[in-house]
Structures are given as structure tokens and as C-alpha cells.
Amino acid sequence: MAPPAMACQALTYAPLPLHLPTARRRVRVRVLAVAADQTPAPQASPSSEPANSPSRLLRELAERKKAVSPKKKHPPRRFILKPPLDDERLTQRFLSSPQLSLKSLPLLSSCLPSSPLSAADRTWMDEYLLEAKQALGYPLAPSETLGDGDDCPARHFDVLLYLAFQHLDPSCERTRTRHVRNGHSRLWFLGQFVLELAFSEFFLQRYPRESPGPMRERVFALIGKRMLPRWLKAASLHNLVFPYDNLDRMIRKDREPPTKAVFWALFGAIYLCFGMPEVYRVLFEAFGMDPEEESCQPKLRRQLEDVDYVSVEFEKRQLTWQDVAAYRPPADALFAHPRLFRACVPPGMHRFRGNIWDFDNRPKVMNILGYPLPMNDRIPEITEARNIELGLGLQLCFLHPSKHKFEHPRFCFERLEYVGQKIQDLVLAERLLMKHLDAPGRWLGEKHRRMLMNKYCGRYLRDKHLHHYIIYGESVQDRFEHNRRLRNPSTTAVQQAIHGLAYCVYGKPDVRRLMFEVFDFEQVQPKAI
């Protein structure tokens, strides 16, 4: 029950009567008063300027802009379009670029800086380059004195070594210039694949009975990003990378990215100027890496018993890095890399010679891949022996682990797949560097990753209808042929194993031929309708 006052008040409230206009009437509005502006007139300046004087008009315009227009956000500098260079200046810029100075060394010239080094760059080289060369074991004389002409790659080592140490430092103006920043990133883009290939070849020859799984663990334990600061400090190069910081007291996210970039770029420069043997020397001598160290051993796993023979050169003793670095194939060798071929293709593969796959499928596979390649051999028997070994290697490339691995662990494509994956990474990296002269390394790395995705590698093999020749075990034949999730990884592995065999038998040029002419990894060839 509401209180009496509220009840009376509630009773007095009634809806207001609404008077709707019945007709539209014109309402007259009488103006009774006008409000005048009482603001005082602006005081005239002592120097009475005329109303139309330019200075007065400009001052009023500035005051009006200051009062009315809001704050504008200007676009970042990288989005501001610059006027294009005229033809003469553009031609001069290209002709003066060091990247176009070497016609006989296209890969090396593509990694040189895009413009000549400045005075600040030369100052750093004069102060610190001798320290870096001494730590790495190189002569202290300028590299321009090496060799006879510009065609000698070692003559450009000083410039590439300078670029290798210029990791991006936001507080340093010199490392943020375009030619230094891009030159350093292009070197580390190449160097990471050089290191992977070097270690894969070394471990395949050092451990001829081991599967690639433990090898990958060894490589990660040696050159994983956690270990790289230790190697730089062992070679006394950490002061060049962090001149103002204590390496041991830095946190990981500040220490590891610059160390990784410098380490990779350093081996990119060494590979371009001196080749793969010098990469091994710097790794194991200057940095002091030990593949038998306790921290570099793979985790213990159940090993399959390997009852098959290995090649004679691997039976006597375990190869060292000096054996791998100093090895030169004889003049009448069957292959471009004979010892690597023997490490990947076991001698017992000859028992498969003349089987059904060798008789029915090998000629079809060789026809699709364009094998055998014409070679200028002095003795016809050498050509015949190479073609026989090539056929056995191709059969091993198509031999799935489900067929013989549990009884004979090396009779599958795993070791060839391991080296093929690394060589195709390096071949595509070299191709991208020579094709995109002005691209930074991070952009090249993203393009490299997108072009070599596993699903694409297997698809290019299936486009050539080579997946029909893969030899599966009888127990998994139907599952692999009709299940896409099982089939696609196996076709990718066969694709990479073919590249590994091509590298062992004919060398890097044949890997380029397979990747860009046969399988068309760049997808530039016209498609059949």
C-alpha cells in the first residue's frame, strides 16, 4: 500500500491532452530585437598595414591553419614515392655497382655490396679486419694482392668478410645503410645452406652405417643457435660482434640472433671465396668443433642390426675432417663425388641388378629424367660402369623403407634423401641470389621456403608420373598408394633422393638441370593442356 501523499500525487497525474493540428497554418514570426556583436574591434598594429598587404594575409592564414587543421599523420618514409632516376643516372648507378663487376663469377658478384663501400666502411675494415683474419687463420695482407686478376675469388674476401660482421644494429648508422644491410643478409641466407651441406657430406662419410636421424641431431648439437655464441668466443670473434657488451651476461634473445647471422654470413663468405674445403678447416680448426664431444652425441635409440658391407675405404678407419676436406677424386673417376656415392649407395645393391624393376621401370625413369647424360670418357668401359651404377642408384632412390629396412637398414632412400635435401636447398639459394640482385636475405629466405615446401616437391614428382615406380613393402602397398597422407611424404622423399643421386654422380650442374628444366621448381615453363 502506497503512502497517502504518494497516492494523492499518483491520482493527480493524468495524461496531457494532445491537440493535433487539423490544418497547416502559416505562422508569422515578429522580430522584436536584434543582438549586436559587442566584441571590441582588434587593435590596429603600430605599423598600420593596409588590408591587402601580403604579410598580413600570410599571418592570418597561418593563424587560421594553426587553429583549424588537426594533426596529420604523415606516411612512413618507405611508402613515400621517389621520382625515378633518369636513364643516364640509372645506367651510371648500375655500371658502378660492384655486383656487375665480375662476369666470370656470377654468384660471387651477386653477393658483393650493391654500391661502393663508404669511408665509414673502410674505417671499420682498417681497424678490425686484421683481428678477424688473424682469428680465422688467414694471411694479414690485403686480399686484393691475392691471385692474378679479378677472376680470382679470393681477391674479394676482405669486402665479404667485412659484410659478414655487419649484423643489423639499430644504434649504428653504418650497419643500417642499404648496401651493408642487404649484403650481410644475403651472405647469411647463403651460409646457412652451405653449413648444412658441409655437415651432411661429412657425417655421411664419417658414419657410413648410421641413419640420417642421428646425423641431424649431431648437426643441431654442433651448430644450433644455442651453441653459436660458444664457437664465436672460442675463436675470439665475440668482441667484433658485441664490442660494448659482455657476451656471457647478455640474455639469449639479445645474444643469439646477431651471433647466428654473423656465423652464417661468415661461412657464406668463406664458401664464395675459397670453397668447401676451407669451410671444413674453419669449422674444425679455427672454431675447434669436435664431432666426438659428449654434448654432440645423438640420443640412444634402438639400432637395427646392419649386416651388409660398406665400401672398402670406410672399413679401415673412421674418416676425419682432413680426409673429407683434402679428398680429390681421381681423373678417371666414375662420379663427380665418388666417395659420397659409396657412402650413400651400399655395395650390396648389385644383387638387385637385373630384377623386374631394373628391367621394366628403370628405362622409363631414365627416359623421363634425361639419363644417362653424354660424357667424354676416354674408355668406353667407364661409361658403361657409370650407367650401371646410375641405374642401381635410381632403384635405391625409389626403394621405400617399408621394403627392406628392417632386415637391411641401408637398403632404402634415406641417406640419398638427406644429401639431396641439402643440395637442393643450396642450389635454389644460389639461383635466387643471382636472379634477385637487389633483394634482402629475409625476403629471399621466405621465397626459398615457399618454393621448396614438401608438398610442392612431391607434386612435381607426381606431375611426371614417377610415383608409380616407388617400391613399397607388400604389407603397406595398398595403404601408401591410396592414402594421400602417407603417399605425399614418400613422393617428397623420392624427389630429394633423386637430387642427391644426381649430385653424387654428375655434380651440382645436373641438380640444377633436374630442378629447373625437368621438374620446373620455378613454375615458369608452359603447362600441357
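Fair warning: this is a prediction, and the values are worked out from it, not measured in the lab.

Quick notes on empty space enclosed by the protein
- Overall, the coordinates contain 1 cavity of 30 Å³ or more when judged by the stated rule.
- Quantified by volume, the largest cavity comes out at close to 50 Å³.
- Gln 99, Leu 112, Pro 113, Ser 114, Arg 178, His 179, Asn 182, Gly 183, Arg 186, Leu 437 and Asp 438 together form the lining of the largest cavity.
- Of the residues contributing to the lining of the largest cavity, the split by class is 3 nonpolar, 5 polar and 3 charged.

Regarding the layout of surface pockets
- Each pocket or cavity is described by its volume, and for the largest pocket that value is around 1,300 Å³.
- Sorting the residues of the lining of the largest pocket by element identifies helix 5 (119–136), helix 7 (178–206), helix 10 (238–241), helix 11 (252–274), helix 20 (414–435) and helix 21 (441–451) as the ones contributing at least two each.
- For the lining of the largest pocket, the element with the highest residue contribution is helix 11, accounting for 8 residues.
- For the lining of the largest pocket, the residue count by class is 21 nonpolar, 15 polar and 13 charged.
- No fewer than three residues from each of domain 1 (100–296) and domain 2 (328–518) sit in the lining of the largest pocket.

Quick word on the packing of helix 8 (residues 212–223) against helix 20
- The contact between helix 8 and helix 20 brings their axes to 10 Å, and the two run at 35 degrees. Together, Pro 212, Met 215, Arg 216 and Val 219 of helix 8 and Glu 414, Arg 415, Tyr 418, Gln 421 and Lys 422 of helix 20 make up the contact between the two elements.
- Across the contact of helix 8 with helix 20, the residue classes tally to 4 nonpolar, 1 polar and 4 charged.

Focus on the packing of aromatic side chains
- In total, this model carries 25 aromatic pairs according to the counting rule given.
- Between Phe 263 and Phe 287, the ring centres sit 5.2 Å apart and the planes meet at 55 degrees, which makes this aromatic pair tilted. Here Phe 287 lies in the loop between helix 12 (276–286) and helix 13 (312–315) and Phe 263 lies in helix 11, a separation of 24 residues in the sequence. We note that Phe 263, like Phe 287, is buried.
- One aromatic cluster in this structure is built from Phe 199, Phe 202, Phe 203, Tyr 207, Tyr 280, Phe 284 and Trp 321.
- Taking NZ or CZ as reference, Arg 281 lies 5.2 Å from the ring centre of Tyr 138, over its face.

Observations regarding helix 20
- The terminal C-alpha atoms of helix 20 lie 32 Å apart, and with 22 residues this matches the ideal 32 Å at 1.5 Å per residue to within 8%.
- Within helix 20, 18 of the 22 residues are buried, which leaves it mostly tucked inside the rest of the structure.

Looking at the pattern of salt bridges
- This structure, assessed with the given rule, holds 29 salt bridges.
- Taking the shortest distance from any N to any O, the salt bridge between Arg 281 and Glu 285 comes out at 3.2 Å. A residue pair is termed a helical-turn pair when its members lie 3 or 4 positions apart in one helix, as Arg 281 and Glu 285 do in helix 12 at 4 residues.
- A relative accessible area of 15% places Arg 281 in the buried class.
- A salt bridge links Glu 522 to Lys 435, with the shortest nitrogen-to-oxygen separation between them at 3.2 Å. In this pair, Glu 522 sits in the segment after helix 25 (508–518) while Lys 435 sits in helix 20, placing the two residues 87 residues apart along the sequence.
- Take Glu 522: its relative accessible area is 15%, and that puts it in the buried class.
- The exposure class of Lys 435 is partly exposed, given its relative accessible area of 47%.
- When salt bridges that share partners are traced, they join Arg 209, Asp 306 and Arg 410 into one network.

Overview of unusual backbone geometry
- Here the amide bond leading from Tyr 371 into Pro 372 is cis, since omega sits at -10 degrees, within 30 degrees of zero.
- Following the sequence through the fold, Pro 372 ends up in the loop between helix 17 (362–369) and helix 18 (380–397).
- Positive phi outside glycine occurs at His 465, with the angle close to 60 degrees.
- Inspection of the secondary structure assignment puts His 465 in the loop between helix 22 (454–463) and helix 23 (477–482).
- The class for His 465 is partly exposed, based on a relative accessible area of 48%.
- In the Ramachandran plot, Gln 523 falls in the positive-phi region, its phi being about 55 degrees despite a non-glycine side chain.
- Within the secondary structure, Gln 523 is located in the segment after helix 25.
- Taking the relative accessible area as the measure of exposure, Gln 523 reaches 33% and is therefore partly exposed.

Comments concerning the environment of Ser 295
- Position of Ser 295 among the secondary structure elements: in the loop between helix 12 and helix 13.
- Along the sequence, Ser 295 and Leu 222 sit 73 residues apart, while their C-alpha atoms lie 8.6 Å from each other.

Description of the confidence of the model for the protein chain
- Within the protein chain, residue pLDDT values average 86, and 87% of them lie at 70 or more.
- Counting contacts from residues 6–14, a segment whose pLDDT is below 50, to residues more than four positions away or on other chains yields 0 contacts.

A word on the nonpolar core
- Among the nonpolar cores identified, the biggest contains 141 residues, and Phe 165, Leu 237, Phe 263, Phe 287, Met 289, Leu 369 and Phe 398 are the most heavily contacted of them.
- When residues of this core are assigned to their parent elements, the largest contribution, 14 residues, is made by helix 7.
- Two domains share this core, each providing at least three of its residues, namely domain 1 (100–296) and domain 2 (328–518).
- Discounting chain neighbours no more than four positions away, the residues touching Phe 263 are Leu 195, Ile 223, Leu 228, Trp 231, Leu 232, Leu 283, Phe 287 and Met 289.

A few points about the packing of helix 7 against helix 8
- Running from N to C, helix 7 and helix 8 point in directions that differ by 130 degrees, and their axes come no closer than 10 Å. Considering the angle they form, helix 7 stands oblique to helix 8. Where helix 7 crosses over helix 8, the handedness of that crossing is right-handed. Along its contact with helix 7, which presents Leu 195, Glu 196, Phe 199, Phe 203 and Leu 204, the element helix 8 presents Met 215, Arg 218, Val 219, Leu 222 and Ile 223.
- Partitioning the contact of helix 7 with helix 8 into residue classes produces 8 nonpolar, no polar and 2 charged.

The rules behind the values
Residues numbered from 1 in each chain as written. Predicted model: local features only at pLDDT ≥ 70, side-chain atom pairs only at ≥ 80, totals over all residues. Heavy atoms only, no water. 1 Å grid on protein atoms, 1.4 Å probe; cavity = no way out; pocket = protein on both sides within 12 Å on 5 of 7 lines; lining within 4 Å. Points joined across faces, edges and corners; volume = space filled by probe spheres on them. Nonpolar A, V, L, I, M, F, W, Y, C, P; charged D, E, K, R; others polar. Helix = DSSP H or I, 4+ residues; strand = E, 2+ residues; numbered from the N terminus. Domains from an automatic or database assignment. Axes fitted to C-alpha atoms, helices over the stretch in contact; angles between N-to-C directions. Contact = heavy atoms within 4.5 Å. Phe/Tyr/Trp six-rings, centres within 6.5 Å; stacked < 30°, edge-to-face > 60°. Buried < 20%, exposed > 50% of the residue type's maximum accessible area, 1.4 Å probe, protein only. Lys NZ or Arg CZ within 6 Å of the ring centre and 35° of its normal. Expected span 1.5 Å × (residues − 1). Salt bridge = Lys/Arg side-chain N within 4 Å of Asp/Glu carboxyl O. pLDDT = per-residue confidence, 0-100. Core = buried A, V, L, I, M, F, W, Y, C linked by side-chain atoms within 4.5 Å. Parallel < 35°, antiparallel > 145°, perpendicular 65-115°, else oblique. Left-handed = near helix turned anticlockwise from the far one by under 90°.

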